[in-house]
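Here is what each chain is made of, one letter per residue.
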Amino acid sequence: MSAKNEIPTHPIPFRALALRSLSDPELRATLSLVVETFTQKRQEALAGLPWEEWRERLSSLRLQILNDLPAFVHLFAARARAVGATVHQALDAKSACEIVTSILREREARRVVKSKSMISEEIHLNQHLREQGIEAIETDLGEYINQLAGHGPSHLIVPAIHHNRRRIGQLFAHKLNVPYTEDPVELTRIARKFLREEFLRAQAGITGANFAVAETGSLVLFTNEGNGRLVTTLPPLHLALVSIDKMIPSTGDLPLVVRLLPRSATGQILTSYLSVITGAREAAGSWGAHELHIVLVDNGRSRILASPYREMLKCIRCGACSNACPIYRLVGGHAYGSTYPGPMGAVLTALLEGMERAHPLLDGSTLCGACAEVCPAKVPLVTLLRRLREQKVEARLTPWVERAAMAGWACAVRFPLLYRLGKVAAGVVWPVAKRIGRNTVLGRMPDFAPRFFRRRIW
Amino acid sequence: MNRDRIIADFAFNATRAGAEVVRAKDTEEMNRILSLLLRERDSILIYCPGLTELEKAASIPPLRLTMDYKAATICVEEAEAAIAETGTLIYSNQGGRLLSAGLLASHHVVMIREENIHEALDDFFAHLGDSPPAYLAFETGPSRTADIELQITLGVHGPERLTIILL
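Numbers given to residues run from 1 along each chain, matching the order in which its sequence is written. Each chain takes a letter, starting from A, and each ligand takes a number, starting from 1, following the order in which they are written. Two thresholds apply to this predicted model, a pLDDT of at least 70 for residue-level local features and 80 or more for giving and counting side-chain atom pairs, whereas whole-chain, interface and lining totals are computed over all residues. Hydrogens and waters are ignored; side-chain quantities use all the structure's heavy atoms.

Draft legend 1. The arrangement of the overall build of chain A in detail. When you go through chain A residue by residue, the secondary structure sums to 22 helices and ten strands. Compactness check: chain A gives a C-alpha radius of gyration of 24 Å against a globular reference of 23 Å for 458 residues, within 12% of the reference. C-alpha atoms of chain A, sized along the principal axes, occupy 85 × 55 × 45 Å. In chain A, the proportion of contacts linking residues at least 24 apart, taken out of those at least 6 apart, comes to 75%. Throughout, the Shrake-Rupley method with a 1.4 Å probe supplies accessible areas, and for residues the shown protein chains are the sole cover considered. Carbon and sulfur atoms make up 57% of the accessible area of chain A, which totals about 20200 Å². Residues scored as charged are limited to Lys and Arg (positive) and Asp and Glu (negative), so that His and the chain ends carry no count. Lysine's charge is taken at NZ, arginine's at CZ, aspartate's at CG and glutamate's at CD. Computed over 58 positive and 41 negative side-chain charges, the separation of the two mean positions in chain A equals 8 Å. The way it works is that DSSP assigns letters per residue, a run of H or I at least four long becomes a helix, a run of E at least two long becomes a strand, and they are numbered from the N terminus. Taken over C-alpha atoms, the radius of gyration is set against a globule rule of 2.2 Å times the number of residues to the power 0.38. A contact between two residues is defined here by any heavy atoms of the two lying within 4.5 Å.

Draft legend 2. Expanded view of the overall build of chain B. When its secondary structure is counted, chain B shows five helices and twelve strands. For chain B, whose C-alpha radius of gyration is 16 Å, the value lies close to the compact-globule estimate of 15 Å for 167 residues. For chain B, the spread of C-alpha atoms along the principal axes amounts to about 45 × 45 × 30 Å. For the exposure calls, accessible area comes from a 1.4 Å probe over protein chains only, and a residue counts as buried if that area is under 20% of its type's maximum, exposed if over 50%, partly exposed in between. Here chain B holds 167 residues, and 60% of them are scored as buried. In chain B, once contacts between residues fewer than 6 apart in sequence are set aside, the share between residues at least 24 apart is 71%. Side chains of chain B carry 15 positive and 25 negative charges; the gap between the two charge centres is 6 Å.

Draft legend 3. Local environment of the packing of helix H9 (residues 165–176) of chain A against helix H10 (residues 184–201) of chain A. Residues and elements named next belong to chain A. Axes, fitted as lines to C-alpha atoms, cover a helix only where it is in contact. Angles between the N-to-C directions of the axes lie from 0 to 180 degrees. Where H9 meets H10, the closest approach of the two axes is 10 Å, and the angle between their N-to-C directions is 35°. In this structure, the crossing between H9 and H10 has a hand that is left-handed. Contacts from Arg165, Ile168, Gly169, Phe172 and Leu176 of H9 reach H10 at Pro184, Leu187, Ile190, Ala191 and Phe194. Tallied by class, the residues present in the contact of H9 with H10 amount to eight nonpolar, one polar and one charged. The sense of a crossing depends on the near helix, which, turned anticlockwise from the far helix by less than a right angle, makes the crossing left-handed and, turned clockwise, makes it right-handed. Charged means Asp, Glu, Lys or Arg here, nonpolar means Ala, Val, Leu, Ile, Met, Phe, Trp, Tyr, Cys or Pro, and polar covers whatever is left, Gly included.

Draft legend 4. Local environment of the sheet that holds strand S8 (residues 247–248) of chain A. The strand order across the open sheet formed by eight strands is S8(A)-S5(A)-S6(A)-S9(A)-S9(B)-S6(B)-S5(B)-S8(B), and the pairing between neighbours is mixed. Where the open sheet ends on each side, the last strands, each with one partner, are S8 of chain A together with strand S8 (117–118) of chain B. In this structure, strand S5 (residues 211–213) of chain A lies alongside S8(A), joined through two bridges in parallel fashion. Counterpart to A:Val213 in the pairing with S8(A) is A:Ile248. Where helix H12 (residues 254–265) of chain A meets the sheet, its contacts fall on S5, strand S6 (218–223), S8 and strand S9 (273–278) of chain A, and the angle it forms with S6(A) comes to roughly 25°. Following DSSP output, two strands are said to pair if at least two bridges run between them.

Draft legend 5. Structural detail: the packing of H12(A) against helix H5 (residues 121–128) of chain B. One way to put it is that H12(A) packs onto H5(B) with a least axis distance of 9 Å and a crossing angle of 145°. Where H12(A) crosses over H5(B), the handedness of that crossing is right-handed. Contacts from A:Leu254, A:Pro255, A:Val258 and A:Arg259 in H12(A) reach B:Leu121, B:Asp122 and B:Phe125 in H5(B). Partitioned by chemical class, the residues of the contact of H12(A) with H5(B) number five nonpolar, no polar and two charged.

Draft legend 6. Highlighting the nonpolar core. Only buried residues count toward a nonpolar core. Its members are Ala, Val, Leu, Ile, Met, Phe, Trp, Tyr and Cys residues joined through side-chain atoms within 4.5 Å. Ranked by size, the top nonpolar core spans 125 residues in total, and within it A:Leu296, A:Met312, B:Phe10 and B:Leu89 carry the most contacts. Every residue in contact with B:Leu89, bar those within four places of it in the chain, is listed here: B:Phe10, B:Ala79, B:Ala81, B:Ala82, B:Val110, B:Ile112, B:Ala137, B:Phe138, B:Glu139, B:Leu162 and B:Ile164. Grouped together as the second largest cluster of nonpolar side chains are 33 residues, A:Ile137, A:Leu187, B:Cys75 and B:Val156 included.

Draft legend 7. Up close: the side chain of B:Asn13. With respect to the secondary-structure elements, B:Asn13 resides in helix H1 (residues 3–16). The exposure class assigned to B:Asn13 is buried, which follows from its relative accessible area of 10%. In contact with B:Asn13, other than residues within four places in its own chain, are A:Ile269, B:Ala84, B:Glu85, B:Thr86 and B:Gly87.

Draft legend 8. Region of interest: the pairing of strand S10 (residues 291–297) of chain A. Residues and elements named next belong to chain A. Among the seven residues in S10, six count as buried, and that is most of the element. Sheet topology note: the strand S1 (residues 86–90)/S10 ladder contains five bridges and is parallel. If you follow Thr86 over to S10, its bridge partner there is His293. When strand S7 (residues 237–243) meets S10, the two strands line up parallel, connected through seven bridges. Bridge assignment links Leu237 to a residue of S10, and that residue is Glu291.

Draft legend 9. The domain arrangement of chain A, seen in detail. Domains assigned within chain A are domain 1 (3–18 + 50–302) and domain 2 (401–457). Note that the domain bounds were set by an automatic or database domain assignment. Using C-alpha coordinates to define each centre, domain 1 of chain A is positioned 51 Å away from domain 2 of chain A.

Draft legend 10. Looking closely at the pairing of strand S2 (residues 111–114) of chain A. Residue and element names in this part refer to chain A. Taken together, the four bridges between S2 and strand S3 (residues 135–138) define a ladder with parallel strand orientation. The residue of S3 that forms the bridge with Val113 is Ile137. By the bridge criterion, three bridges tie S2 to strand S4 (residues 204–207) in an arrangement that is parallel. Counterpart to Val113 in the pairing with S4 is Gly205.

Draft legend 11. View of unusual backbone geometry. With a phi angle near 55°, A:His124 is a residue other than glycine that sits in the positive phi range. Summarising the element assignment, A:His124 is placed in the loop between helix H6 (118–122) and helix H7 (125–131). In the Ramachandran plot, B:Glu149 falls in the positive-phi region, its phi being about 50° despite a non-glycine side chain. The topology assignment puts B:Glu149 in the loop between strand S10 (144–145) and strand S11 (153–154).

Encoded structure:
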């Protein structure tokens, strides 16, 4: 995992990372459990409901936001200020990190608790804070495990799913100095005890937001563990990082997103906890005045908005596309070598970090469309992936063998005689090539059909 | 939809989310239920903010009562509203309610008046308008995680047990 603000330019080694996952049988077993469970639960939670109508509504709601994003962001900022929040705007990862550190520094906050936030992963906030001497403790159990292990998230919803219980038991024994156990209940209890202390002594809480309501300036947070509420109610300062594409127009739109996000993500009707936070709270007894800072992060969103890929910004980060993707199901989140995994991750990473770096991820798709089918916001993932692949070809980022083969093919199909000659030659060369390359990908390629397709239909 | 149906839906969905739901016809019956719940274990500390009439009417053994919500093992309070569609309880910071109290205790006992149960999410949010309270907290079942091998474990940060008393 890279952990710098500057995006490295070397291409993500998707093939090597995928191979590593493929040769880890434990990872593959856990992974298939996750995708099968979530897929099944999602189907059960949506059975008998007007799913097509709901996602159509969510899609048009998100488009409405995108068509007027600067205005909605402006409205959100004004309303949030009116209810007592301090609103900051950050154009890129670096300035977002700097704003967060300067707020924490001013208040001499050195102990900080965090609730899971993908935008903070995207801008590598934890690394930045550590360099400034501020310790940010992840409180989502999965993120806490990842933090102890020094790993990034491998799944949007269950970020530490690449560890099995034995690895977690060893990790806790080693890092927290507790007796080894591999019982998930016992491990959870250990984490509860350690994190409870962190909650109670933290000087600030950092969260993301699942949605930001423009008309009221509200932040909306979904969690199952309850850490989202504790992070935002116990410490005297709440700092929220919100990427600008999280806007929804009004609280009247909340029922729709409440119905779609948990069902798509975990197959739940609703997560155990949901917070709608509208501005700073007045002083109330022992918990003191509560200060709220909101950092609106652009980090490439405006650029995507102005591009032909703007519909990617409809995404609500439920992770359903990953669970549905036949490639993700095999290789898991870490193969993508980026903050966001799966089909949405391949597209978003290419848009955020550039083609030079992200183009190998575009190969990790069969374009089967399973991702687009389950997307609650109707993000046209297949269209976006295909368009990015075209761009990859135009930028000559494909390997020379592939380019040569494609050029040869393009030439052959234009001349029937050449094409027929090629067929005869291939009939001879192909079996030989397969024998020579039997231990490579070539050996696994199918044989030619005994009769050509054209002959079979006429 | 009639009231009985809404209440039944609420109870069904809350139970499905992992809560225990009991019905009391008046505060007297509520207190009988509370005394059963609170008698179950020794070494308990109960926090009850006493902000509403029901919270004031709740009879809690004085020796077990604490104002230190961070140390309490049981939190007894009244929810402002509920949603039948999802089996959800709703609280706000209005009136000085501490929204972390119901999370820090390992057992959350919640009273809800049946007339405050809304049928669907839309009904609740329609009432909300464009000036919601500073903090609205929604609770659907106990605290849960599936982060370790997808095994559902209750009580990770919040309560492992949620009891709802319908009045």
